[in-house]
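One-letter residues, chain by chain:
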Amino acid sequence: MRRSTWRRRRGVLAAALFAAVSIPAVQAPAVQAPAGAPPKTGAVRTDTLWAQSLGVAKSLTVYLPPSYGSGTKRYPLLMYLHGRSGSERDWVTAGRLPQVMDSLIAAGLPEAIVAMPDGDDGWYTTWASLPDAACAADTVRKEPAATYCVPWPHYDDYVAHDLVSYMDRTYRTRATRESRAIAGLSMGGYGAITIALGYPERFAAAASHSGVLSPRLRIDAAPTDPARYGRTMSELGAGVRHLWPSLRAVFGADTIAWRARDPQVMAERLQARANAGGVRMPALRFDIGVNDTWAAQNRDFDAALTRLAVPHTYAEYPGAHTWEYWRAHLPESLRFLLGVVR
């Protein structure tokens, strides 16, 4: 598979280790199945798994491809993570993932199982501190305290270990790194990229739509400013805007903890390990709407990966932080992941 870096630069192509390609400002093409009979449809089911890393039982939505009910074939495993204030049903109800998968399969792409877990508002990472023991039930989704208020918030371990193990023993997955990939939107985009970078032995690829991918970036900082990353908690808070209460609780109250959870820092550390041998960098793809609040963060992450010579694909399109944008570009992340896993 050819890996390239797509970047927007003032009409010139930047010389880099991997070719850079400008992205036209057009909507993603609609997924079209061959003419004739309607595409065969997969099945969607809801499971409950015990998440040892969290200490609670969690709900899980699973898409099974059209041929799953017949034969003994095994399939690659994709994971799609929801955003903040979302749920494990979002990619089905708002994203229409089952219909998109059915259409892609009908058009000739390989089948895969897709797991969509409940990630609360945990940012898919290990929290810097334990939550309040007197936590009340979620008031956004009306989820009971028994599943929303986890006693040990290791959300990255929950996805990379508990969820992977559950899927491998419950469904006919191909239980190898080369057959697993992960994606998400917004908070889930951050989670997909950081989990793939933190657990490269588990995932071969990761994709992000509208992710929070440079959380330490100062608001309105120039791309070449050497002091563009927050050095105080007030600067970090200003940079993440309305996400500050959520991220402060998860990332911690000091800049060292924030740096440890920064996708750029994680990529730099993993690339050093990969250069030394013994570990492989996952294939990475991320995109953002040009009117999205987090567009500058995605551009900064793109620039950081380019400096590190980390192969990746980056694209910008018209749009904002909305389900209209995510539905339009879901086929692209699916095509990317299905082109990597085997």
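These figures come from a predicted structure and were not determined experimentally. (Residues numbered from 1 in each chain as written. Predicted model: local features only at pLDDT ≥ 70, side-chain atom pairs only at ≥ 80, totals over all residues. Heavy atoms only, no water.)

Q: Mind showing me how you'd approach helix α7 (residues 244–251) here?
A: The set of residues buried in α7 consists of S246, L247, V250 and F251. Taken down its axis, α7 places every buried residue within 105 degrees of arc, on the same side. Check the buried side of α7 and you find it contacts α5 (187–198), α6 (233–240) and α8 (255–260). One or two positions beyond α7, positive phi appears at G252, with a value near 110 degrees. (Buried < 20%, exposed > 50% of the residue type's maximum accessible area, 1.4 Å probe, protein only. Helix = DSSP H or I, 4+ residues; strand = E, 2+ residues; numbered from the N terminus. Arc of directions from axis to C-beta. Contact = heavy atoms within 4.5 Å.)

Q: In this structure, what is going on with the nonpolar core? I would like to understand it.
A: Nonpolar side chains tend to gather and get buried jointly when the protein is soluble and globular. If you look at the biggest cluster of nonpolar residues, it comprises 60 residues, and the most contacted ones within it are M79, I113, W123, M167, I182 and I195. A total of 8 residues in this core trace back to one element, the largest contributor, which is helix α4 (residues 155–170). Counting 31 residues, the second-largest nonpolar core is a separate cluster that includes M101, L334, V340 and V341. (Core = buried A, V, L, I, M, F, W, Y, C linked by side-chain atoms within 4.5 Å.)

Q: It is not clear to me how the pairing of strand β4 (residues 56–64) should be interpreted in this structure. Could you clarify?
A: Side-chain direction in a regular strand flips from residue to residue, so the side chains alternate between the two faces of the sheet. The buried fraction of β4 amounts to 7 of the 9 residues, a majority that puts the element mostly inside the structure. Pairing geometry for strand β3 (residues 43–51) and β4, over 9 bridges, is antiparallel. Residue pairing in the sheet places V44 in a bridge with Y63 of β4. Between β3 and β4, which pair antiparallel and follow one another directly, the connecting turn spans 4 residues, one of which, G55, has a positive phi of 80 degrees. The sheet contact formed by β4 and strand β6 (residues 113–117) spans 4 bridges and is antiparallel. Residue Y63 lies in a different strand from β6, and its bridge partner there is V114. (Pairing = 2+ DSSP bridges.)

Q: Would you explain helix α11 (residues 323–340) in this entry?
A: Here α11 spans 25 Å end to end across 18 residues, near enough to the 26 Å set by a 1.5 Å rise per residue. At H329, α11 shows its largest kink, close to 40 degrees, and the proline P331 lies no more than four residues downstream. Most of α11 is tucked away, with 13 of its 18 residues classed as buried. (Expected span 1.5 Å × (residues − 1). Bend = angle between axes of the 7 residues up to and from the residue.)

Q: Just checking my understanding: could you explain the pairing of strand β8 (residues 205–209) for this structure?
A: Among the 5 residues of β8, 5 are classified as buried, and the element is accordingly described as predominantly covered. Alternating positions in β8 separate into two faces, A205, A207 and H209 on one and A206 and S208 on the other, with burial throughout. Across 5 bridges, strand β7 (residues 180–185) lies against β8 in parallel orientation. Opposite I182, over in β8, you have A206 as the bridge partner. As paired elements, β8 and strand β9 (residues 283–289) share 5 bridges and run parallel to each other. Bridge pairing links S208 to F286 in β9.

Q: Hey, could you run me through the side chain of S333 in this one?
A: Locating S333 in the fold gives a position in helix α11. A distance of 2.8 Å separates polar atoms of two side chains, one belonging to S333 and the other to H209. In terms of polar contacts, S333 uses its side chain to reach the backbone carbonyl oxygen of L330, at 3.1 Å. Sequence-distant contacts of S333, defined by excluding residues within four places in its chain, comprise Y80, A207 and H209. (Polar contact = N/O pair within 3.5 Å; in protein donor to acceptor, adjacent residues only side chain to side chain.)

Q: Looking at this model, I keep getting lost on the packing of helix α2 (residues 97–106) against α11. Mind explaining?
A: Two elements in contact, α2 and α11, have axes whose closest approach is 10 Å; the angle formed by their N-to-C orientations is 55 degrees. With respect to each other, α2 and α11 are oriented oblique. Relative to α11, α2 is oriented so that their crossing is right-handed. Between α2 and α11, the contacting residues are L97, V100, M101 and L104 on the first element and L330, P331, L334, R335 and L338 on the second. Tallied by class, the residues present in the contact of α2 with α11 amount to 8 nonpolar, no polar and 1 charged. (Axes fitted to C-alpha atoms, helices over the stretch in contact; angles between N-to-C directions. Parallel < 35°, antiparallel > 145°, perpendicular 65-115°, else oblique. Left-handed = near helix turned anticlockwise from the far one by under 90°. Nonpolar A, V, L, I, M, F, W, Y, C, P; charged D, E, K, R; others polar.)

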